[in-house]
Amino acid sequence: MKENSPNKTVNFYGNDFIVDENVLIPRPETEQIIDEVLKLVGRPILPGVKPTPAKLNPKGIKILDVGTSSGCIAITLKKLLKDVEIYASDISEKALKIARKNAEIHQAPITTIISHLLKNVNITPDIIVANLPYVDKTWDWLDLDSLSKEPEIALFAEDGGLKLIKELIDTATSKYLILEADPSQHKQIIDYAKSKYSLIEENGFIITLSLR
Ligand code: GLN
């Protein structure tokens with residue numbers, strides 16, 4: 001009988017997550033999304049660091065991770081915020097399979113939804129977090145070889161990399177939107193969103209927006 005190859009794992013925010021060729025490899029810059037959620041709900045980012053005042057009481061709120069891939073963001077949030085309902089969507093069933101496997105390993109109950117962005121999502125989350133594909137294939141600093149082991153669908157987007165982020169901004173009605181994008185794209189995203197969402201914070205790759 002053919003033996004299954006051992007699962008590769010990658011650490012994200014202190015926990016190991018299984019990855020395969022169907023998911024985006026968790027990256028350190030994405031960990032900031034977790035910190036931004038903790039700040040919104042007034043929880044300390046590090047033990048011993050005074051939390052900022054909560055903008056949102058975490059009790060009973062719903063958080064949706066759009067484009068969850070390995071599930072690393074959604075599962076980390078569930079582990080840190082046990083009384084929050086966590087939803088995780090992705091357009092790829094193969095990715096959601098890995099996300100569900102990771103959720104089981106971490107005993108972090110999350111609800112997975114197969115969906116293009118918010119299309120099949122029939123709840124209104126209080127917070128949406130999203131590390132969507134935002135890489136523009138034509139960027140001259142790109143090292144395409146180093147990205148060749150990950151699914152293109154998880155990395156690249158049209159319209160200078162902004163197609164999906166713009167569509168999410170157009171369709172979202174959640175109070176808070178926490179997005180990852182390349183810092184060179186932030187100004188364009190903030191400008192695009194500004195009649196609907198105002199900027200709360202920009203940290204590293206992460207933008208936190210609030211519904212007007
Ligand atoms: N930050 C990743 C990179 O530049 C891209 C991740 C993404 O598209 N969401 O390789």
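Our subject is the structure listed above.
Scoring rules and cut-offs
Residues numbered from 1 in each chain as written. Predicted model: local features only at pLDDT ≥ 70, side-chain atom pairs only at ≥ 80, totals over all residues. Heavy atoms only, no water. Core = buried A, V, L, I, M, F, W, Y, C linked by side-chain atoms within 4.5 Å. Buried < 20%, exposed > 50% of the residue type's maximum accessible area, 1.4 Å probe, protein only. Helix = DSSP H or I, 4+ residues; strand = E, 2+ residues; numbered from the N terminus. Contact = heavy atoms within 4.5 Å. Pairing = 2+ DSSP bridges. Right-handed = clockwise from strand over helix to strand, strands pointing away. Axes fitted to C-alpha atoms, helices over the stretch in contact; angles between N-to-C directions. Parallel < 35°, antiparallel > 145°, perpendicular 65-115°, else oblique. Left-handed = near helix turned anticlockwise from the far one by under 90°. Nonpolar A, V, L, I, M, F, W, Y, C, P; charged D, E, K, R; others polar.

(A) Representation of the nonpolar core. V66, I165, L168, L177 and L179 are the most contacted members of the largest nonpolar core, which totals 35 residues. With four residues, the single largest contributor to this core is helix α5 (residues 163-171). If near-sequence neighbours (up to four positions away) are discounted, L177 is found in contact with I128, L168, I169, A172, Y197, I207, T208 and L209. Grouped together as the second largest cluster of nonpolar side chains are 28 residues, F12, L40, I63 and A74 included.

(B) Spotlight on the pairing of strand β3 (residues 62-66). Where burial is concerned, most of β3 is hidden: four out of the five residues are buried. Two elements, β3 and strand β4 (residues 85-90), share five bridges in a ladder whose sense is parallel. From the neighbouring strand, K62 faces β4, where its bridge partner is E85. What joins β3 to β4 is helix α2 (residues 72-80), and the crossover it makes is right-handed. Of the strand pairs in this sheet, β3 and strand β6 (residues 127-130) are connected by four bridges, and their pairing is parallel. Each residue of the ladder has a partner; that of I63, found in β6, is I127.

(C) Quick look at the packing of α5 against helix α6 (residues 186-193). Running from amino to carboxyl end, α5 crosses α6 at an angle of 25°, the nearest separation of the two axes being 10 Å. Our classification of the angle between α5 and α6 gives roughly parallel. The two elements α5 and α6 meet at a crossing, and its hand is right-handed. The residues of α6 that touch α5, namely those facing I165, K166, I169 and D170, are I189, Y192 and A193. Residue classes in the contact of α5 with α6 are distributed as five nonpolar, no polar and two charged.

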